[in-house]
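Structural overview for review
Below, each chain spelled out in residue letters.
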Amino acid sequence: MSDKPKLIIDCDPGQDDAINLIMALAGDEFDILGITTVAGNVGLKKVTRNARLICELTGYERAMIFAGASKPLKLPLATAEFIHGKEGLDGIEIFEPALPIVSMEASDFIVEALSAANEKSITLVVTGPMTNIARALQKVPNIVGAIKEIVLMGGAFREGGNMTPSAEFNIYVDPHAAQIVFDCAAPKIVFGLDVTYQVLTGADVIERIEAIDNPVAKAALGILKSYERTDTARFNDQVAPLHDPCTMAYLLKPEIFKLKACNIQVEVDAELTRGHTAVDFWNRTELPKNSLWAYEADRDMFFDLLIDRLKLYGS
Ligand code: RIB
Ligand code: CA
């Protein structure tokens, strides 16, 4: 029985999800029980193909990949081809991976894995709409006891939204699922736009990656060079905020980030502000602090880590 930290990675690859997977799979620090996919950046078929493709590209042949929800709990699916491209992985050559998927549905896998696990023994890394996690919690609520922590990308407080003026994409797509997750008893470490907009790539990062001579680093370079076209207007430069890689960066080197205990609620009904995260950073409401909100990141430490992870594929 491995005593490495146990992870389930739930994602919607997606260019930044892909970088996050590449960071996770570079070393052998973790016992990755499964990778589950959810419709988000692009439809379920493509995000699942992309997860298989990244695992194959990194040589992670023993990947257990489970397809999950094709749409949110209650709302129609909204996607982000305008950022990630029609195939969801602009910047690299798309191929049909040989790596198969496991026939079990993702939320059923999450239930099964957590039901068989010890108390607080599995970390959920969640980098897309939280539909799979919410469905698992709805099916068997007491699986929550087996969750060590949920490390998720989503939300915004000081920053505005990136899908609407007030909502970040992952929460916007499935606000009902997000509220179920924020309300659950498991510890949550939340990386919203406030902190992901502090880890912007740039010419300095691109140059450092260009100097790494292995195929996975080259793939990451292609992805980063084509990523986040919509945000160049926001940042007046050719940059990409590395949203999802904040989750693996936290698990690998938590000192990169500063966190604060806060209550986080989600707007689920309002037309104008659906998906808004009310992050009670100044404890105005006295509501229980259901999350640790990341509010600061050390950019240099973050990108040093990314470079180190990419170099591991050449050793
Ligand atoms: O808002 C950024 C998030 O939405 C990231 O997870 C990105 O992959 C998209 O899913
Ligand atoms: Ca994502």
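All chains use their own residue numbering, which begins from 1 and follows the written sequence. Chain letters and ligand numbers both follow the written order, the letters beginning at A and the numbers at 1. Only residues with pLDDT of 70 or above have their local features reported here, since the model is predicted, and side-chain atom pairs are shown and tallied only from 80 upward, although totals for entire chains, interfaces and linings are computed over all residues. Remark: hydrogens and water are excluded; side-chain values derive from all non-hydrogen atoms of the structure.

**Examining the nonpolar core**
The line we're drawing: To form a nonpolar core, buried Ala, Val, Leu, Ile, Met, Phe, Trp, Tyr and Cys residues must be joined to one another through side-chain atoms within 4.5 Å. Relative accessibility decides the category of a residue: with a 1.4 Å probe and only protein chains considered, values under 20% of the type maximum give buried, values over 50% give exposed, and everything between is partly exposed. Residue contacts are counted whenever heavy atoms from the two residues lie within 4.5 Å of one another.
Counting residues in hydrophobic clusters, the biggest one holds 61 residues, and the most contacted among them are I32, I35, F191, F257 and F302. Those residues in contact with F302 that lie beyond four places of it in its chain are V199, L242, P245, C246, A249, I256 and F257. Membership of the second largest hydrophobic core comes to 36 residues, among which are A106, A113, I133 and C262.

**Digging into the pairing of strand β2 (residues 31-37)**
Short version of the rule: Helix numbers and strand numbers start at the N terminus; a helix is a DSSP run of H or I with at least 4 residues, a strand a run of E with at least 2. Two strands qualify as a pair provided that DSSP identifies no fewer than 2 bridges between them. Orienting the strands away from the viewer, one traces the path from the first strand over the helix to the second; a clockwise path indicates a right-handed crossover.
Counting buried positions along β2 yields 5 of 7 residues, so the element is predominantly enclosed. Sheet analysis places strand β1 (residues 6-11) next to β2, joined by 6 bridges and oriented parallel. Looking at the pairing, L7 lines up with I32 of β2. Following the backbone out of β1, through helix α1 (residues 15-25) and into the adjacent parallel β2, one traces a crossover that is right-handed.

**A few points about unusual backbone geometry**
For the bond from P13 to G14, the omega torsion is -20°, close enough to zero to count as cis. The backbone phi angle of K120 is positive, close to 45°, even though this residue is not glycine. When you line up the elements, K120 lands in the loop between α4 (106-115) and β4 (122-126).

**Description of the site of ligand 1**
Note the following rule: By convention in these notes, a residue is near a molecule or strand provided one of its non-hydrogen atoms lies within 4 Å of it. In the analysis that follows, any N or O atom pair within 3.5 Å is treated as a polar contact, provided that within protein one partner can donate a hydrogen and the other can accept it, and provided that, for residues neighboring in sequence, both atoms belong to side chains. Where accessible areas are quoted, they stem from the Shrake-Rupley method and a 1.4 Å probe; at the residue level, only the protein chains shown are allowed to cover. Nonpolar residues are Ala, Val, Leu, Ile, Met, Phe, Trp, Tyr, Cys and Pro. Charged residues are Asp, Glu, Lys and Arg, and all others, Gly as well, are polar.
By nearness alone, 13 residues border ligand 1, and D16, N162, E168, N170 and D244 come closest of all. D12 is positioned with one of its side-chain polar atoms (N or O) 3.1 Å from an oxygen atom of ligand 1. N162 places a polar side-chain atom, nitrogen or oxygen, 2.8 Å from an oxygen atom of ligand 1. Relative to its free-state accessible area of 280 Å², ligand 1 is covered by the protein chains to the extent of 97%. Only α1 and α6 (169-173) provide two or more residues apiece to the shell around ligand 1. Looking at the shell around ligand 1 residue by residue, the class counts come to 2 nonpolar, 6 polar and 5 charged.

**Regarding helix α10 (residues 215-226)**
Each α-helix turn comprises 3.6 residues. Residues three or four places apart therefore point the same way. The following threshold applies: One less than the number of residues in a helix, times 1.5 Å, gives the span that helix is expected to have.
With 12 residues, α10 extends 17 Å from end C-alpha to end C-alpha; this agrees with the ideal 16 Å at 1.5 Å per step. V216, A217, A219, A220, L221, G222, I223, L224 and S226 are the residues of α10 that are buried. Looking at where α10 begins, the residue whose side-chain oxygen comes 3.0 Å from the main-chain nitrogen of V216 is N214.

**Focus on the environment of K45**
Mapping K45 onto the fold places it in helix α2 (residues 44-58). In this structure K45 comes out as exposed when scored by relative accessible area, which is 76%. Taking the C-alpha atoms as reference points, K45 and A67, separated by 22 residues in sequence, lie 8.1 Å from one another.

**As for the coordination of the calcium ion (ligand 2)**
Operational definition: In this listing, donors mean N, O and S atoms no farther than 2.8 Å from the metal, or 3.2 Å for Na, K and Ca; water is missing from the atoms, so a site can look incomplete.
The protein atoms that coordinate the calcium ion (ligand 2) are D12 (OD), D17 (OD), D17 (OD), T127 (O) and D244 (OD), at distances spanning 2.2 to 2.6 Å. Mapping the donors of the calcium ion (ligand 2) onto the primary sequence gives the spacing D-x4-D-x109-T-x116-D. Placement of the pair is D12 in the loop between β1 and α1 and T127 in the loop between β4 and α5 (131-139), with a sequence separation of 115 residues. Judged by its relative accessible area of 0%, D12 is buried. Classification of T127 as buried rests on a relative accessible area of 1%.

**Some details on the environment of L77**
Relative to the elements of secondary structure, L77 occurs in the loop between β3 (65-67) and α3 (81-84). We classify L77 as partly exposed; its relative accessible area is 31%. As a C-alpha pair, L77 and V42 span 35 residues in sequence and 9.3 Å in three-dimensional space. Sequence-distant contacts of L77, defined by excluding residues within four places in its chain, comprise A39, G40, G43, S70, K71, P72 and V173.

**Quick word on the environment of D31**
Mapped onto the fold, D31 is located in strand β2. Between the alpha carbons of D31 and L224 there is a distance of 27 Å; along the sequence they are 193 residues apart. Contacts of D31, omitting those with residues within four sequence positions, involve S2, K4, P5, K6 and L7.

**A few points about helix α13 (residues 299-311)**
Taking 1.5 Å per residue, 13 residues should reach 18 Å; α13 reaches 18 Å between its end C-alpha atoms and fits that length. Residues of α13 that are buried make contact with α1, α9 (203-210), α10, α12 (245-252) and β7 (257-266). Where α13 begins, one side-chain oxygen reaches toward the backbone nitrogen of D300, 3.0 Å away; that side chain belongs to D298.

**Some points on the packing of α1 against α13**
Our working rule: Each axis is a line fitted through C-alpha atoms, taken for helices only over the stretch in contact, and angles between the N-to-C directions span 0 to 180 degrees. Note on convention: the crossing is left-handed when the near helix lies turned anticlockwise from the far helix by less than a right angle, right-handed when the turn is clockwise.
Where α1 contacts α13, the axes come no closer than 8 Å and their chain directions differ by 65°. In this structure, the crossing between α1 and α13 has a hand that is left-handed. Residues I19, I22, M23 and A24 of α1 form the contact with α13, whose participating residues are L305, L306, R309 and L310. A breakdown of the residues in the contact of α1 with α13 according to their chemical character gives 7 nonpolar, no polar and 1 charged.

**Some thoughts on the confidence of the model for the protein chain**
Quick note on the threshold: For every residue, the predictor states its confidence as a pLDDT score lying anywhere from 0 to 100.
For the protein chain, the mean per-residue pLDDT works out to 95, and 97% of the residues sit at or above 70. The secondary-structure element of the protein chain with the lowest mean pLDDT is helix α11 (residues 229-235), recorded at 66, while β4 shows the highest, at 99.

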